[in-house]
Amino acid sequence: MSATLTITKSIAIPMSEIDYHAIRAQGAGGQNVNKVSSAIHLTFDIHQSSLPEPYKQGLLNMSDQRITKDGVVVIKAQRHRTQEQNKEDALARLRQLILKAGHQDKPRKATKPTRSSQKKRLDSKTLHGRTKAMRAKIID
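Below or above, wherever it landed, is the structure these notes cover. (Residues numbered from 1 in each chain as written. Predicted model: local features only at pLDDT ≥ 70, side-chain atom pairs only at ≥ 80, totals over all residues. Heavy atoms only, no water.)

All right, on to the environment of Met62 then. With respect to the element layout, Met62 can be found in the loop between helix H2 (53–61) and strand S5 (72–77). Separated by 21 residues in the primary sequence, Met62 and His41 place their C-alpha atoms 21 Å from one another. Residues within four places of Met62 in sequence aside, it is in contact with Ile67, Leu97, Lys100 and Ala101. (Helix = DSSP H or I, 4+ residues; strand = E, 2+ residues; numbered from the N terminus. Contact = heavy atoms within 4.5 Å.)

What follows covers the side chain of Asn86. Along the polypeptide, Asn86 turns up in helix H3 (residues 83–102). On the accessibility criterion, Asn86 (0% relative accessible area) is buried. Engagement of the side chain of Asn86 in a polar contact is seen with the backbone nitrogen of Arg79, the distance being 3.2 Å. Beyond its immediate stretch of four places on either side in the chain, Asn86 contacts Ser38, Ala39, Ile40, Ala77, Gln78, Arg79 and His80. (Buried < 20%, exposed > 50% of the residue type's maximum accessible area, 1.4 Å probe, protein only. Polar contact = N/O pair within 3.5 Å; in protein donor to acceptor, adjacent residues only side chain to side chain.)

So, to be careful, I would describe these as geometric facts and stop short of saying anything about function.
Shown next as structure tokens:
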């Protein structure tokens, strides 16, 4: 595995900024789950990282339960049976979280309805009004 976690072509995080510890996984798994520490507990301090400032602010502004109030990302990976697969899974999830924080939506351009769509809308309203008028009681 390389010494950096590549986020984009221009952004990479040194592995020294990412801490991970092996812990025992929860849930089913028989006797093996009680004696093997195959789950990974990954922590990543946003403030101490070498991420560009927009990515840091994006992460800190996210309302994600994996980010603590102190600005530490905590990811627990226990999907797989081996420690190595769980480590790769945790790193992939960290990468996705950082990419999501750095993504900016395009600004919405306000549009107006076309003249023909306005005409269709008004015609359908008129037709609907006539239909309802036909249901009214006839007064002599």
